[in-house]
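# Notes for the structure review
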Amino acid sequence: MTTAHAEAANGTLPHEPEKATLEGRNKVLAFWLFLGGEAVLFGTLFATFLALRNQTNEGPSANELFHLPLVAAATFLLLVSSLTSVFAIQAMHRGRVTMLRNWLLVTVLLGLCFLVLEIYEFSVYIRHEEFGMTTSAFSSAFYTLVGFHGAHVAFGILWISVLIGQLMHKGLTVVTAPKIYVSAMYWHFIDVVWVFIFTVVYLLGKVG
Amino acid sequence: MDWITTVDHKKIAILYLWAGGIFFGIGGLEAILIRIQLIKPMNTFLDAQTFNELITMHGTTMIFLGVMPVIFALMNAVIPLQIGARDVAFPFLNALGFWTFLFGGILLNLSWVMGGAPDAGWTSYTPLSSTGYSPTHGVDFYTIGLQIAGLGTLIGGINFLATIITMRAPGMSFMRMPMFAWTTFITSAIILFAFPAITVGLVLLTFDRILDANFFNVAGGGNPVLWQHIFWIFGHPEVYILILPAFGVISEVIPTFSRKRLFGYSSMVFATILIAFLGFMVWAHHMFTTGLGPVANALFSVSTMLIAVPTGIKIFNWLFTMWGGQVRFTTPNLFAAGFIPTFTMGGVTGVMLASAPADFQFHDTYFVVAHFHYVIVGGLVLGLFAGLHYWWPKMFGRMLSEKLGKWTFWTFIIGFHLTFFVQHFLGLMGMQRRVFTYLPNQQFDLLNLVSTIGAMLMGVGMMIFLTNIFLTSRRPADAADDPWEDGRTLEWTIPSPPPEYNFKQTPLVRGLDAFWKEKMAGHKAMTPSEPVGSIHMPSATILPFLMSVGIFIAGLGFMFSRDEFSSSVMSFLFNNYIVTALGLLITFGSMLMRSLFDDPGWHIEPEELEGR
């Protein structure tokens, strides 16, 4: 298995190029730590949302507002994008640069679709339901939590796009590999957070 | 220019020290003004609004912009040396952390000249900090300034964690790591898990104030107590972010000047971890009087008192280290010895405050003020003084004057106890904190006068310290590698100040107190763990500075985005978020540059190493 990989990696790159240098290992470790901090950040946002989710101030409530099929579609897109980023990392470990680029492109594209759906969802709420940032404590908490996640997705899209450009320009090296690996970690994290948002915000909003 | 682009941890340490020192001076002046106002009853030296701004800025400046950067200065100066590393894990991020801190601090202090400082207390309790009660931009400066500064702290925390985990010299297991490295490690972990909470809190408050959100606005369904929870789930661990590094300093200084190894090293390590863990469990003891109910109050009361156990272990271990040692009372050790009883007194009043029913009496009186100043000034600041005097020769290559150092110690500690000891009694007699004056003939007059005189004396102590620094800087650099002669840890094995690559050869660590162990075995230097070779160094870069400038501009732009300006150009720029966008463009542009152009760094070759 390992030898097959090494052969595939055209003999110059180690099997796990993201962990080949001290800088690379530091980057991966520090990113795990950073995600720990991000978990606290989203945890605090979730706590805020849970505390305020019934404070609708005579504005629309979660049950009236949410349209689950749309959110389910967005969820599906994001979950699949996590899978494609796994394919990208697998391609990287096999040293297949073109395949790596293609899977990253698919990931970015799925992320973009998710973002478009989210923007559409928000615009419907604001235009037709008169549900804006200032409507109620519930609305403030909703837009802040879901919007923070959306901003993370947007940042991830920009980041991975830059990395695709870098990959094309410099190829797969021990410098670019940790960056790609770390961005995939980030993308999974965003995905996990979304699973919680789907449960706590949308499902609980419909049935809770 | 050299200083703006540097990524060397030792230079960044000096930058932190200077910037933190200046903010510390500003916070100190604010304290003196507060004490002048309170020198006599019904004083008219300051008006109520200015007093509110001063107490808010004094607390905020001292905690976030005064002592934390000085802690970071010591960590940056010492940690890579103590663990035998050539640098921190991320030199670029290290510089970025400093610059975001500095620009956040500058933004916060601009409030004095740009239409009113924050006036809602350093805790910014809602609704006092909402636009209804605080209509100026003051609190916006607080939320956005602290947000930017907090970013720098978080970056620093992650950097130290990664550095300590991966870059220790061969042979240095975790249980052979110096105590200051341990406390830095644990402090960084607390930073990592506490700061994101305040990040969210500040965002919510900013949204409430600038975007008219309803998080803390009761009329819109919001909940002001939510702010208190978020603030203190960060704020209580913050206390340990401040005090643990001081514990670390004391644990370095006392063994060195007692010529003994630290008593109970492993119990010290586990006490540190336990304190950090419990620190997250006790936030609601700041909220006993909010009405959480007897069950919550009882639980938080007990968990708070539990912290006294690991802290007590530390106190006794320091005493046992000195016991039977060949104690030398140099300036650093004087401060360390002064720290022990002073901090213990702060701890005892802490246990008193942890008792929920008693807290209903103490709440918002000068008793609380006395308690936390005993912990933070009598604990942390004495610890920082000990650390600065101790490592000054390593950082700057010059010994501070012992004579002036002792003068600093005695004036400062006498002034400190004069200022704050009497405040316990003022509080017990019912004097409220945060009120800008008091009525005569309530038995407050004399004790307040004493307190103010004490504050002046602390100011004198600071002036003596500054004089010491000034006189020392005019002398030639002459400190030996191991100027205290009994150095125990790795930083004392290399020249003072260290060369930019720190260690010519990474040392091999053979036990706790690595250098002491070699000395006892009759060796003059550490055994190297590698041959002399080419050393890879990161390049200097302006990008961290530019990124921070960008965030600074974006923050200002966002803050004024809803204002009405007399000039139409200004309105256009701010109301359309053009300034904000411009700032973010600078930041993201710099990030893009960093991403696209890899830094190959440069090498110091063996011949060069031998040449010096």
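Residues numbered from 1 in each chain as written. Chains lettered and ligands numbered in written order. Predicted model: local features only at pLDDT ≥ 70, side-chain atom pairs only at ≥ 80, totals over all residues. Heavy atoms only, no water.

Within chain A one finds 7 helices and 0 strands. Each helix (α) and strand (β) of chain A, taken in turn from the N terminus, gives the series α-α-α-α-α-α-α. Once the C-alpha set of chain A is aligned to its principal axes, its extents read approximately 65 × 30 × 30 Å. Evaluated residue by residue, chain A yields a buried proportion of 53% over its 208 residues. Counting contacts in chain A only where the partners sit at least 6 residues apart, residues at least 24 apart contribute 82% of the total. For chain A, the accessible area works out to roughly 9100 Å², and carbon and sulfur atoms hold 67% of it. (Helix = DSSP H or I, 4+ residues; strand = E, 2+ residues; numbered from the N terminus. Buried < 20%, exposed > 50% of the residue type's maximum accessible area, 1.4 Å probe, protein only. Contact = heavy atoms within 4.5 Å. Areas by Shrake-Rupley, 256 points an atom, 1.4 Å probe, with all protein chains shown as cover.)

A separate point is the overall build of chain B. Secondary structure assignment for chain B yields 20 helices and 2 strands. Relative to the 2.2 N^0.38 estimate, which gives 25 Å for 612 residues, the radius of gyration of chain B is 24 Å and therefore close to what a compact globule would have. Counting across all 612 residues of chain B, residues that qualify as buried make up 60%. Considering only intrachain contacts with a sequence separation of at least 6, the fraction spanning at least 24 residues in chain B is 82%. Here chain B has roughly 22700 Å² of accessible surface; of this, 71% comes from carbon and sulfur atoms. Between the averaged position of the 30 positive side-chain charges in chain B and that of its 34 negative side-chain charges there is a distance of 11 Å. (Rg over C-alpha atoms; globule rule 2.2 N^0.38 Å. Lys, Arg positive; Asp, Glu negative; His and termini not counted. Charge placed at Lys NZ, Arg CZ, Asp CG, Glu CD.)

With that settled, the discussion passes to the pattern of salt bridges. Applying the stated criterion across every chain yields a total of 15 salt bridges over all chains. Here lysine 170 of chain A and aspartate 598 of chain B are joined by a salt bridge, their closest N and O atoms 2.9 Å apart. Of this pair, lysine 170 of chain A sits in helix H6 (residues 137-170) while aspartate 598 of chain B sits in the loop between helix H19 (578-596) and strand S2 (602-604), which puts the two residues in different chains. One salt bridge in this structure joins aspartate 364 of chain B and arginine 434 of chain B, with 3.6 Å as the shortest N-O distance. (Salt bridge = Lys/Arg side-chain N within 4 Å of Asp/Glu carboxyl O.)

Here we take up the UniProt feature "transmembrane region" (unreviewed entry) in chain A. All names here are of chain A. According to UniProt, the feature "transmembrane region" (unreviewed entry) maps to residues 29-50, 70-91, 103-120, 140-164 and 185-205 in the numbering used here. In this annotation, residues 140-164 is assigned 100% helix and 0% strand; the end-to-end C-alpha distance for the span is 35 Å. Helix makes up 100% of residues 185-205 and strand 0%, and the two end C-alpha atoms of the span are 29 Å apart. (UniProt positions renumbered as here; feature names shortened; annotations may be inferred.)

A word on the interface of chain B and chain A. Listed by partner, the interface residues are 36 residues for chain B and 33 residues for chain A. A buried area of about 2700 Å², summed over both sides, lies between chain B and chain A, and 74% of it is on carbon and sulfur atoms. The largest contributions to the chain B side of the interface with chain A come from Val200, Phe215 and Asp598 of chain B, which together make up 17% of the buried area. Taken together, the links from chain B to chain A amount to 2 salt bridges. Close ionic contact of lysine 179 of chain A with aspartate 598 of chain B constitutes a salt bridge, the shortest N to O distance being 3.2 Å. (Buried area = accessible area lost by both parts, 1.4 Å probe.)

Of all residues in chain B, 100% attain a pLDDT of 70 or more, and the chain-wide mean is 95. Among the scores for the predicted complex, ipTM is 0.94 and pTM is 0.95. (pLDDT = per-residue confidence, 0-100.)

Sequence positions flagged by UniProt for "domain: Heme-copper oxidase subunit III family profile" (unreviewed entry) are, in local numbering, residues 29-206 of chain A. The span residues 29-206 of chain A is 85% helical and 0% strand by assignment, and the distance between its end C-alpha atoms comes to 39 Å.

Residues and elements named next belong to chain B. With respect to the helices and strands, the residue asparagine 502 is situated in the loop between helix H15 (445-473) and helix H16 (514-520). A distance of 3.0 Å separates polar atoms of two side chains, one belonging to asparagine 502 and the other to histidine 9. Here asparagine 502 is in contact with His9, Lys10, Pro80, Leu81, Ala85, Arg86, Asp87 and Ile494, once residues within four sequence places are set aside. (Polar contact = N/O pair within 3.5 Å; in protein donor to acceptor, adjacent residues only side chain to side chain.)

Another aspect to go through is the packing of helix H6 (residues 179-210) of chain B against helix H7 (residues 224-258) of chain B. Residue and element names in this part refer to chain B. Contact geometry of H6 with H7 gives a least axis separation of 8 Å together with a crossing angle of 160°. The angle between H6 and H7 falls in the class roughly antiparallel. When you trace H6 past H7, the crossing you get is left-handed. When grouped by side-chain class, the residues that make up the contact of H6 with H7 number 23 nonpolar, 5 polar and 2 charged. (Axes fitted to C-alpha atoms, helices over the stretch in contact; angles between N-to-C directions. Parallel < 35°, antiparallel > 145°, perpendicular 65-115°, else oblique. Left-handed = near helix turned anticlockwise from the far one by under 90°. Nonpolar A, V, L, I, M, F, W, Y, C, P; charged D, E, K, R; others polar.)

The full count for this structure, using the stated rule, is 81 aromatic pairs over all chains. Judged by centre distance (6.0 Å) and plane angle (55°), the rings of phenylalanine 49 of chain A and phenylalanine 138 of chain A are tilted. Placement of phenylalanine 49 of chain A in helix H2 (residues 22-52) and of phenylalanine 138 of chain A in helix H6 is noted, with a sequence separation of 89 residues between them. A relative accessible area of 1% means that phenylalanine 49 of chain A is categorised as buried. An angle of 70° between the planes, with centres 5.1 Å apart, marks the rings of tryptophan 283 of chain B and phenylalanine 300 of chain B as edge-to-face. Within this pair, whereas tryptophan 283 of chain B is found in the loop between helix H8 (265-279) and helix H9 (294-306), its partner phenylalanine 300 of chain B is found in helix H9, the two being separated by 17 residues in sequence. Members of the aromatic cluster, joined through ring pairs, are Phe49, Phe66, Phe114, Phe122, Tyr125, Phe131, Phe138, Phe142, Tyr143, Trp194 and Tyr202 of chain A. Over the aromatic face of tryptophan 3 of chain B sits the side chain of lysine 11 of chain B, whose NZ or CZ is 5.0 Å from the ring centroid. The ring of phenylalanine 174 of chain B is capped by arginine 168 of chain B, whose NZ or CZ atom sits 3.9 Å from the centre of that ring. (Phe/Tyr/Trp six-rings, centres within 6.5 Å; stacked < 30°, edge-to-face > 60°. Lys NZ or Arg CZ within 6 Å of the ring centre and 35° of its normal.)

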